[in-house]
Amino acid sequence: MTRETRRTFCRFCHASCAMLVDVEDDKVVALRADPDNKLFGGYTCVKGRQMVDMHNLPERLLKPLIRRDGQMEEISTADALAFAAARIKEIIAEHGPHSIALYCGTNAFQNSAVLGTSFALAEAIGTRNYYTSVTVDQPAKVFTNARYGQWMGGPNNFEESDVVMFVGNNPLVSHYSPSGGLPPFSPSKRLRDAKARGTKIIVADPRECDISVQADIHLQVKPGEDPALLGGMLNVIIAEGLYDRNFVSAFVDGFDDLADAVKDFTPDIAAARAGIDKDQLIETARVFAKATKGKVVTGTGPEMAGQGTLTEYLVCALNIICARFNQEGDKVANPMVFMPFAAGAKKAQVAPPVPMFGEGFAQSRIRGIGKLGQEMPCPVLADEILTLGEGQVKVLISIGGNPEIAFPNQRKVRKALDTLDLFIQIDPWMSASAKRADLILAPSMCLEREDINNVSQPFCEEPYAHYTEAMVPPPGDTMDEYEMLWWLAKHLGLQLKLPGGECSMESCPDKMTMLDLISHGCLVAPSKARADSQASATPGGALFYPEEHRTIEAADPDASEKFHLDAGAMPNEFKAYAANAPEAAGFDFRLISRRSKHRYNSNGHTFPHLIKKMPTNPAFLHPDDLAALSIADGDVIEISSSVASIFAVTQASDKVRRGVISMSHAWGDDDAGKDDVHQKGGSTNRLIDDADGYDPITGMVLQSAIPVRIAAA
């Protein structure tokens, strides 16, 4: 037996950490960080280090399963795909193309060819029902910010910033922060280095999270009241003239409307509403505005807390009036070598507005909500399945996702999945969603396939690329997801059209051919990255393309576009927020979402080491709250919203402000009852009403800052 060490990168989450993999007899036997990769410097997280288990666990599905007479039976992949296509063809003939829906979940993003191929399949079918997990937790920052304007030169780089403010964003655990925030490549070291350079770190979060411990200022904001903090900061910055007057004069429309909306929202009012100290709020505003470079960024929590679109607007307003953008002569913040849209002009000017929703976009049948860019918002999918009539969804193809656990209103989602004529789940595990499927397709896993690191490109501040070959052959009757989607199109008699043109429908293209078509127009073609990697002295290692790191050009002489701070309902929406304090009679606590070091959304619940580290989904509460309720640390409690109840195990933590419960989002499998909650953990999605108080643009419903009450179980 010969052991061979190969270079690759992790695909547990979007950080794509560089790794060394030990292979023996076509089996992954060990892995560890790659110390030679200068971007990561030998960093990996505990989740990624479980990939040996991911690939080798006995519970892994190595062959598709089909439901017949209520029982799951094995079927070959070829027969399963032929069966699925035949059934889909019948349903389209009877109910039309909009009866078919595709959903790409967290794991779909880790396969570099899946998003492009799945969207091409949806377009070929002619369905409007294409969904991704982006609209589960952060649609506002993706789809609504474009209406205020986009700076063609991009934001300030984290590495060059004097101040960075994180609102509900804990990138030391989540490995996520928007451009200008903390990159996920060895984030603790990058944070330490930034602080050593003198960068000021500001954190707004109802709990003392990992990054707030390192912060110069921590504002322990009440759940759901981020707009109060941000509006108060704008009041101070405008009243004291701390904004960039020249930039605002040259590039901003609607500034007077913004100033009018926040002028009466004084630090006293803002601090009281946000539950923070007034002087601390004023200091925060001054520290941020007086810096030369920096940015305010948000995580998923603020978007899930009921004011997502307003919160993102206020964040945009802060960054805009303080001119937190790269200027002529600066290096591009995120070169994104594999992203076609990144190859466009990089100039010191505002781009024309890019419509992302509204007139001209396909409409859902549910609550008047329309398509966001290329996708329909996930909160309408359950009702699209359950609502009778023309356009009712009859088939769902779920790729790398777990909608029963991830979507709001778990009971409704569960009913919807059971209602489908055909539910296809592509899944290596018998997840909660897979248990309801009519057909489970078994995919190859990340170390068994070629990939490029396109999912991590938006976080790279250098022109960095990573190509990996398959470390081991795929076992059993498994197949790469993009090939499954190609075969479905083939059996349906459809042509897949990608940005680079039509792909062959005679035989399935190899992955790099497919990725070249998907990434057409990018700075470095995936096939070139593969060739460069294979020719390198360290195949599978880091690739840098410094010649592609462009500099921001001067504005066009006739450039006239400006930011629009008065676009849509803004800033009047802030006036409405300021005038109406929330009420939730009978609910004394607010349940907020949190990230876990030992899970990534609904992933990680099957891996023994992660289960041992955190077997349940603890309910973190302040010790004084537990004492007041006569509940002990480690007790089982019942948490009730206006919709439903769940059980949880308490964990005392003085890092959580009083009146708050902190639990992980998208947790669990089946129902966790009182007797087995220690082993399963409760799912907070069951507490959510997906049709009450939804955002009229994104469909986002309250998934954090949920009003709840607590009782001993």
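Residues numbered from 1 in each chain as written. Predicted model: local features only at pLDDT ≥ 70, side-chain atom pairs only at ≥ 80, totals over all residues. Heavy atoms only, no water.

Before going further, it helps to examine the overall build of the protein chain. In terms of helices and strands, the protein chain carries 23 helices and 29 strands. Computed over its C-alpha atoms, the radius of gyration of the protein chain comes to 25 Å, within 12% of the 27 Å expected for a compact globule of 713 residues. C-alpha extents for the protein chain along the principal axes are approximately 70 × 65 × 55 Å. Across the 713 residues of the protein chain, 61% fall into the buried class. Taking all contacts inside the protein chain whose residues are at least 6 apart in sequence as the whole, residues at least 24 apart take part in 73%. When the accessible area of the protein chain is evaluated, it comes to approximately 25700 Å², of which 48% is carbon and sulfur surface. The distance from the centre of the 71 positive side-chain charges to the centre of the 92 negative ones in the protein chain is 3 Å. (Helix = DSSP H or I, 4+ residues; strand = E, 2+ residues; numbered from the N terminus. Rg over C-alpha atoms; globule rule 2.2 N^0.38 Å. Buried < 20%, exposed > 50% of the residue type's maximum accessible area, 1.4 Å probe, protein only. Contact = heavy atoms within 4.5 Å. Areas by Shrake-Rupley, 256 points an atom, 1.4 Å probe, with all protein chains shown as cover. Lys, Arg positive; Asp, Glu negative; His and termini not counted. Charge placed at Lys NZ, Arg CZ, Asp CG, Glu CD.)

With that settled, the discussion passes to unusual backbone geometry. Glycine aside, the phi torsion of most residues is negative, and most peptide linkages are trans. In this structure, P571 follows M570 across a cis peptide bond, with omega equal to 0°. Although it is not a glycine, A323 adopts a positive phi angle of roughly 55°. Relative to the assigned elements, A323 resides in the loop between α13 (300-321) and β14 (350-351). Judged by its relative accessible area of 11%, A323 falls in the buried class. With phi around 60°, N409 is a residue other than glycine that occupies positive phi space. Along the chain, the position of N409 falls in the loop between α15 (403-406) and α16 (410-419).

What follows deals with the pattern of salt bridges. All told, the structure shown has 42 salt bridges when counted by the stated rule. The salt bridge partner of D193 is K189, with a shortest N-O separation of 2.8 Å. Taken together, the residues span about one helical turn, with D193 and K189 both in helix α7 (residues 187-197) at a distance of four residues. For D193, a relative accessible area of 32% puts it in the partly exposed group. Between K263 and D264 there is a salt bridge, and its shortest N-O distance comes to 3.3 Å. The exposure class of K263 is partly exposed, given its relative accessible area of 46%. One continuous salt-bridge network, built from bridges that share partners, spans R11, R449, D451, D480, E481 and K511. (Salt bridge = Lys/Arg side-chain N within 4 Å of Asp/Glu carboxyl O.)

This part takes up the nonpolar core. General note: in soluble globular proteins, nonpolar side chains tend to be found buried as a group. By size, the foremost hydrophobic cluster in this structure holds 61 residues, and its most contacted members are M165, L219, L229, L258 and I321. Not counting residues within four places of it along the chain, the set of residues in contact with L219 comprises M165, I202, V203, A204, D205, L229, I276, Q280, L281 and T284. One finds I399, W486, L488 and L496 within the second-largest nonpolar core, a separate group that totals 55 residues. (Core = buried A, V, L, I, M, F, W, Y, C linked by side-chain atoms within 4.5 Å.)

Taken as a whole, this structure holds 21 aromatic pairs when the rule is applied. Taking the centre distance of 5.1 Å and the plane angle of 65° together, the rings of Y148 and Y313 count as edge-to-face. One end of the pair, Y148, is in the loop between α5 (139-143) and β8 (150-151); the other, Y313, is in helix α13, with 165 residues separating them in the sequence. As far as burial versus exposure is concerned, Y148 and Y313 are alike and both buried. The side chain of K38 reaches across the aromatic face of F544, ending 4.6 Å from its centre. Its end group placed over the ring of F288, R324 keeps NZ or CZ at 4.4 Å from the ring centre. (Phe/Tyr/Trp six-rings, centres within 6.5 Å; stacked < 30°, edge-to-face > 60°. Lys NZ or Arg CZ within 6 Å of the ring centre and 35° of its normal.)

Enumeration according to the criterion identifies four cavities of 30 Å³ or more in this entry. As a volume, the largest cavity reaches approximately 480 Å³. Lining the largest cavity are 36 residues, with T300, G301, S593, R594 and R595 positioned closest to its centre. Contributing elements (two or more residues each) for the lining of the largest cavity: α6 (171-174), α13 and β24 (589-594). A per-element tally of the lining of the largest cavity places α13 first, with five residues. Of the residues assigned to the lining of the largest cavity, the class counts are 13 nonpolar, 14 polar and nine charged. (1 Å grid on protein atoms, 1.4 Å probe; cavity = no way out; pocket = protein on both sides within 12 Å on 5 of 7 lines; lining within 4 Å. Points joined across faces, edges and corners; volume = space filled by probe spheres on them. Nonpolar A, V, L, I, M, F, W, Y, C, P; charged D, E, K, R; others polar.)

Take a probe with the size of a water molecule and roll it over the atoms, and the empty space left behind shows itself. For the second largest pocket, the calculated volume is near 950 Å³. Those elements that place two or more of their residues in the lining of the second largest pocket are α13, α20 (572-579), β24 and β29 (706-712). Grouping the amino acids of the lining of the second largest pocket by side-chain chemistry returns 18 nonpolar, eight polar and 10 charged.

Time to look at the sheet that holds strand β9 (residues 163-167). Spatially, the four strands line up as an open sheet ordered β11-β10-β9-β13, and their pairing is parallel. In this open sheet, the two edge strands, each paired with only one partner strand, are β11 (217-219) and β13 (294-298). Averaged over neighbouring strand pairs, the angle between their axes works out to 10° when direction is ignored. Bridging between β9 and strand β10 (residues 200-204) involves five bridges; their strand directions are parallel. Following the sheet pairing, V163 is matched in β10 by K200. Here helix α8 (residues 226-239) sits on the sheet in contact with β9, β10 and β11, set at roughly 150° to β9. (Pairing = 2+ DSSP bridges. Axes fitted to C-alpha atoms, helices over the stretch in contact; angles between N-to-C directions.)

Looking at where S444 falls in the secondary structure, it is placed in the loop between β17 (439-441) and β18 (451-452). Of note is the side chain of S444, whose polar atom sits 3.3 Å from the backbone nitrogen of D480. Beyond its immediate chain neighbours, meaning those up to four positions away, S444 contacts R60, R449, P474, T478, M479, D480 and E481. (Polar contact = N/O pair within 3.5 Å; in protein donor to acceptor, adjacent residues only side chain to side chain.)

What follows concerns the sheet that holds strand β3 (residues 27-33). Spatial ordering of the open sheet is given by β1-β2-β3, a layout of three strands whose pairing is antiparallel. The two strands at the open ends of the sheet, each matched to only one other strand, are β1 (3-9) and β3. Ignoring strand direction, the axes of neighbouring strands in this sheet form an average angle of 30°.

Both faces of the sheet carry side chains from a regular strand, because those side chains alternate between them. Of all the five residues making up strand β6 (residues 100-104), five are buried; the element is thus mostly covered by neighbouring parts of the structure. Where β6 lies against strand β7 (residues 130-132), three bridges are found, and the strand directions are parallel. Looking at β7, one finds that L102 is bridged to Y130. Following the backbone out of β6, through helix α3 (residues 114-125) and into the adjacent parallel β7, one traces a crossover that is right-handed. (Right-handed = clockwise from strand over helix to strand, strands pointing away.)

A word on α16. Of all the positions in α16, only Q410, K412, V413, R414, A416 and L417 are classed as buried. On its buried face, α16 sits against α14 (381-386), β15 (395-399), α15 and β16 (422-426).

Between two packed helices, the angle of one axis relative to the other and the distance separating the axes together describe the packing. Orientation of α8 relative to helix α10 (residues 255-262), taken along the N-to-C sense of each, is 115°, at an axis distance of 9 Å. Judged by the angle between their axes, α8 and α10 are roughly perpendicular. For the pair α8 and α10, the sense of crossing is left-handed. Seen from α8, the contacting residues are G231, L234, N235 and I238; seen from α10, they are F255, L258, A259 and V262. Here the contact of α8 with α10 is built from residues that sort into six nonpolar, two polar and no charged. (Parallel < 35°, antiparallel > 145°, perpendicular 65-115°, else oblique. Left-handed = near helix turned anticlockwise from the far one by under 90°.)

Without other data, these values stay purely geometric and don't point to any function.
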